[in-house]
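Here is what each chain is made of, one letter per residue.
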Amino acid sequence: MNDKIQNVAVIGAQWGDEGKGKIVDLLCEEFDVVARYQGGHNAGHTVKFADKHFALRLIPSGIIHPDKICLLGNGMVIDPDALLEEMTNLRAHGIAIDDHNLLVSDAAHVILPYHRALDLAREEAAGTGKIGTTGRGIGPAYETKVGRYGIRIADLLDPDVLKQKIEFTCAEKNLVLSEIYKKDTFDPAKLFDDYLEYGRKLTPRITNGTVWINEQIRAGKRVMFEGAQGMMLDIDHGTYPFVTSSSTIVGGVCTGLGVAPKHIHKVIGVAKAYTTRVGGGAFPTELDDAHGEHLRKRGNEFGTVTGRPRRTGWLDLPVLRTATILNGIDELAITKLDVLDEFEEIRVCTAYNVRGKSWSTFPAFAVAHHDYQPEYRTFKGWKTSTVGITTFEDLPQAAKDYISFIVDETEARASIVSTGPRREETILR
Ligand code: GDP
Ligand code: IMO
Ligand code: MG
């Protein structure tokens, strides 16, 4: 690797589940630290190699590698119960987690049960207008953070502060739950006991994440920033309000870890060779037909976290171009090429027609009114297996043409093409 490229961000370039877990795992051999900067256990990142299969939610995919240090950054919202459960599960699968290889920023925010209850209650009340959240309390936890009455990891270590904060917040949340949503309330004394205990269990790994990661960078250690969700789910730049509640784009690395922009040396955008999305909201290239069903079955498009069937559709270049701009994507990792193997014809959305004008980036303003017409280019399918192919030259010509077209249209080099879920099933260029 180029010496000047010390730290790399791996970002989802669509609506999530692009295969970030696979790509982080694949590349992390060359890195010392893998850090998450946003989101929580709404994420589900899959890592597969040989006969091994791991599903990561809060913990960076680097944990699979024994010599990497993983950090949960200040920009995350952490459910301590989910974190401890994930650690137990990973250990049961032979992954070593000690006090040194998994650190938690003391400034990360904590998800409490009332966040989860509010998430579920609000979704239920919204009926058909619901966002389709993962129901993990992510949005309500970020709300209390921005409302400046959130509980941070550091607070778990200070009984007086924790008690006062839980009592204050619970008084409000309980009222909302009981009066507005007619739901059960929470006993602040019980929450205090539980969360004090979580603090005790997590104590050895709680650290000032910002100081720590900057010390690592200064010492020349290589850091990989692992994105969760995808660019189109970004709170500012995504298909609002059908988004998650954090900054999923590369800018989130700076705020969510306290790392200056000059320390992000390369951005890899991960994109499927087609498109999927879970939950509600605009999806212009969605297929509600047999082709969509084929993508779902062949691509095993069911949520890692919730098991929900993912919505499926053709590749959307305006989405990828938008991702390239917002994240300064240097290289693309194009995943799940093999899922397109059986198609006679493959379509790609090249632009949107909005009231007679052509848009080559995502026309966010038109989305609320479904006031857009995707324009497609049709490619001949290759109708032969690409599963497990590891060199670009071995791909069928039609698949090469397809990749080349994406590269030309996004102006980002396709440095990785993925031809199967396993680490081994990858073309590195
Ligand atoms: P993430 O959230 O971005 O890490 O992605 P997920 O792990 O939620 O979803 C990606 C899914 O696609 C997982 O089941 C992966 O094992 C699988 N996958 C990743 N790359 C490929 C690929 O190239 N081909 C196939 N068939 N599956 C892949
Ligand atoms: P990874 O990291 C795909 C979606 C939810 C919902 C919206 C808001 O595996 O790519 P939230 O629970 O965050 O408030 O839900 O965001 N969503 C994801 N979709 N992959 C994810 O993570 C997602 N995390 C959240 O389906 O539409
Ligand atoms: Mg996922």
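What counts as what
- Residues numbered from 1 in each chain as written.
- Chains lettered and ligands numbered in written order.
- Predicted model: local features only at pLDDT ≥ 70, side-chain atom pairs only at ≥ 80, totals over all residues.
- Heavy atoms only, no water.
- Pairing = 2+ DSSP bridges.
- Helix = DSSP H or I, 4+ residues; strand = E, 2+ residues; numbered from the N terminus.
- Contact = heavy atoms within 4.5 Å.
- Axes fitted to C-alpha atoms, helices over the stretch in contact; angles between N-to-C directions.
- Expected span 1.5 Å × (residues − 1).
- Bend = angle between axes of the 7 residues up to and from the residue.
- Buried < 20%, exposed > 50% of the residue type's maximum accessible area, 1.4 Å probe, protein only.
- Core = buried A, V, L, I, M, F, W, Y, C linked by side-chain atoms within 4.5 Å.
- Near = heavy atom within 4 Å.
- Polar contact = N/O pair within 3.5 Å; in protein donor to acceptor, adjacent residues only side chain to side chain.
- Areas by Shrake-Rupley, 256 points an atom, 1.4 Å probe, with all protein chains shown as cover.
- Nonpolar A, V, L, I, M, F, W, Y, C, P; charged D, E, K, R; others polar.

**Student:** Outline the sheet that holds strand β2 (residues 33–36), listing residues and values.
**Tutor:** Reading across the sheet, the ten strands line up as β9-β7-β5-β2-β10-β1-β11-β15-β19-β20 and stay open at both edges, with mixed pairing between neighbours. With partners counted over all chains shown, the strands left at the sheet margins are β9 (206–207) and β20 (426–428), one partner each. Against the sheet, helix α7 (residues 209–218) touches β2, β5 (69–72), β7 (102–105), β9 and β10 (223–226), its axis set at about 145° to β5.

**Student:** Kindly report on helix α5 (residues 159–180), identifying the contributing residues and their values.
**Tutor:** Counted at 1.5 Å a residue, the expected span for α5 with its 22 residues is 32 Å, and the 31 Å between its end C-alpha atoms agrees. Of all the bends in α5, the greatest, near 25°, is centred on Cys170. Within the span of α5, buried status applies to Leu162, Ile166, Thr169, Cys170, Lys173, Asn174 and Leu177. Buried positions along α5 lie against α3 (113–126), α4 (138–146) and α6 (188–202). Downstream of α5 by a residue or two, Lys182 has a phi angle that is positive, lying close to 55°.

**Student:** Can you lay out the nonpolar core for me, pointing to particular residues and giving the numbers?
**Tutor:** Within the largest apolar cluster, 67 residues are counted, with the highest numbers of intra-cluster contacts made by Ile213, Phe225, Leu257, Leu337, Leu340 and Tyr402. The residues touching Tyr402, leaving out its near neighbours within four places in the chain, are Ala273, Leu315, Leu337, Leu340, Ile346, Val348, Phe379 and Trp382. Residues Leu58, Ile63, Leu83 and Cys170 belong to the second largest nonpolar core, which totals 56 residues.

**Student:** If you had to explain the site of ligand 2 to someone new, which residues and values would you point to?
**Tutor:** Among the 20 residues in the neighbourhood of ligand 2, the closest are listed as Lys20, His45, Thr134, Gln229 and Thr244. One nitrogen or oxygen atom from the side chain of Thr134 is found 2.6 Å from an oxygen atom belonging to ligand 2. Here ligand 2, which alone exposes 550 Å², has 97% of that area covered by the protein. Counted by class, the shell around ligand 2 contains seven nonpolar, ten polar and three charged residues.

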